[in-house]
Amino acid sequence: GENVEQHPSTLSVQEGDSAVIKCTYSDSASNYFPWYKQELGKRPQLIIDIRSNVGEKKDQRIAVTLNKTAKHFSLHITETQPEDSAVYFCAASIRAGGTSYGKLTFGQGTILTVHP
Amino acid sequence: NAGVTQTPKFRVLKTGQSMTLLCAQDMNHEYMYWYRQDPGMGLRLIHYSVGEGTTAKGEVPDGYNVSRLKKQNFLLGLESAAPSQTSVYFCASSSLRTDTQYFGPGTRLTVL
């Protein structure tokens, strides 16, 4: 089955700095890569996702890059703010609609702390 | 539109007791999932369902059973709870036409 490794497990930055979280996956058939943000005591919420036919996607201060050859993808947060502090999870799956039924395999999570 | 809801929010069980967690979604999603979240291990898929009346095993199914008698509901059962099942349980749902999974607020379960 799919295996997703996420690094680092903790990341501490100063407000205004950039933060980068990296994930690698094992199954070359995976073609959907979402990132979830989870604040303390809350549910995971999708912040950005990328499909395998795209190399990069941006949404304001957040961007995700995908390298299919190397089987890794990264989350980039620029101009970090204290409210970005949370746990971030990457995940990989084969897209819904096929026989994999959109099952997600998650990385272990990264605790991001943004210091004012 | 409540999205995905879960009941109860918290529960404490003694070893050997049973309980059922309820997940409900009002988005008419075909797919529903149950995950458990443990520190340092991310979210792991327990069971999932691709439609009413169908269920399948995920990554960590042992000790759990599920049922999906109605499209909008997905039940997770623990027949004989063990301390190793202490965790936060999340339900999620998604449409077969899109990829986004929407999560419920979670149930924090402690087994003593």
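Below or above, wherever it landed, is the structure these notes cover.

About the cut-offs
Residue numbering note: each chain is counted from 1, following its sequence as written. Chain labels run from A onward and ligand labels from 1 onward, assigned in the order the entries are written. Only residues with pLDDT of 70 or above have their local features reported here, since the model is predicted, and side-chain atom pairs are shown and tallied only from 80 upward, although totals for entire chains, interfaces and linings are computed over all residues. As a convention, hydrogens and water are excluded, and side-chain values are obtained from all of the structure's heavy atoms. Helix and strand assignments follow DSSP, with helices taken as H or I runs no shorter than four residues and strands as E runs no shorter than two, numbered in order from the N terminus. Remark: exposure states derive from per-residue accessible area (1.4 Å probe, protein chains only) relative to the maximum for the residue type, with buried under 20%, exposed over 50%, and partly exposed in between. Aromatic pairing here means that ring centres of Phe, Tyr or Trp (its six-membered ring) are within 6.5 Å. Orientation follows from the plane angle: under 30 degrees is stacked, over 60 is edge-to-face, and everything else is tilted. We call a pair of cysteine sulfur atoms a disulfide when they lie within 2.5 Å. Whether two residues touch is decided by their heavy atoms; if any such pair falls within 4.5 Å, the residues are in contact. We define buried area as the total accessible area lost by two parts upon association, computed with a 1.4 Å probe and summed across both. Criterion for a salt bridge: a side-chain nitrogen of Lys or Arg within 4 Å of a carboxyl oxygen of Asp or Glu. Each polar contact in these results corresponds to two N or O atoms within 3.5 Å; when the atoms are within protein, one needs to be able to donate a hydrogen and the other to accept it, and residues that are neighboring in sequence are counted only if both atoms are side-chain atoms. Three classes are used, and their members are as follows: Ala, Val, Leu, Ile, Met, Phe, Trp, Tyr, Cys and Pro are nonpolar, Asp, Glu, Lys and Arg are charged, and the others, Gly among them, are polar.

The next point concerns unusual backbone geometry. Looking along the chain, the bond that leaves His7(A) and enters Pro8(A) is cis, with omega of -5°. In this structure, Pro8(A) sits in the loop between β1 (4-7) and β2 (10-14). Here Thr7(B) and Pro8(B) are connected by a cis peptide whose omega angle stands at -5°. Relative to the assigned elements, Pro8(B) resides in the loop between β1 (4-7) and β2 (10-13). Located in the positive-phi region is Gln60(A), a residue other than glycine, with phi close to 60°. By secondary structure assignment, the location of Gln60(A) is in the loop between β6 (56-59) and β7 (62-67). Given a relative accessible area of 75%, Gln60(A) falls into the exposed group. A positive phi angle, close to 55°, is found at Lys71(A), a residue other than glycine.

All right, on to the packing of aromatic side chains then. Scanning the entire structure with this criterion turns up 13 aromatic pairs over all chains. Ring centres of Tyr36(A) and Phe106(A) lie 5.9 Å apart, and the angle between their planes is 50°; on these two criteria the pair is classed as tilted. Within this pair, whereas Tyr36(A) is found in strand β4 (residues 32-38), its partner Phe106(A) is found in strand β10 (residues 105-106), the two being separated by 70 residues in sequence. Across the pair, exposure class does not vary: Tyr36(A) and Phe106(A) are buried alike. Plain terms: the ring middles of Phe106(A) and Phe103(B) are 6.3 Å apart, the flat faces sit at 70° to each other, and that makes the pair edge-to-face. Here the residue Phe106(A) occupies a position in strand β10, and Phe103(B) occupies one in strand β10 (residues 102-103), the pair thus bridging two chains. Taking the relative accessible area as the measure of exposure, Phe103(B) reaches 4% and is therefore buried.

Moving on to the state of the cysteines. Residue and element names in this part refer to chain B. Throughout the structure, instances matching the rule amount to two disulfides over all chains. Paired through a disulfide, cysteine 23 and cysteine 91 show a sulfur-sulfur distance of 1.9 Å. Handedness of the cysteine 23-cysteine 91 disulfide follows from its S-S torsion of about -75°: it is left-handed. Remark: cysteine 91 occurs in strand β9 (residues 87-94) and cysteine 23 occurs in strand β3 (residues 19-25); sequence separation between them is 68 residues. Given a relative accessible area of 0%, cysteine 23 falls into the buried group. Residue class for cysteine 91 comes out buried when judged on its relative accessible area of 0%.

With that settled, the discussion passes to the interface of chain B and chain A. Chain B puts 22 residues into the contact, and the matching count from chain A is 21 residues. Of all residues in chain B, Leu43(B), Asp99(B) and Phe103(B) bury the most surface against chain A, accounting for 33% of the area lost on that side. At the boundary of chain B and chain A, one finds one salt bridge. With a shortest N-O distance of 2.9 Å, Asp99(B) and Arg51(A) are connected by a salt bridge. Inspection of the region where chain B meets chain A yields five residue pairs in polar contact (both at pLDDT 80 or more). Elements represented by at least two residues in the side of chain B that touches chain A include exactly β4 (31-37) and β5 (43-51) of chain B. Residue composition of the side of chain B that touches chain A, grouped by class: 13 nonpolar, eight polar and one charged.

Don't take any of this as a statement about function, it's just geometry.
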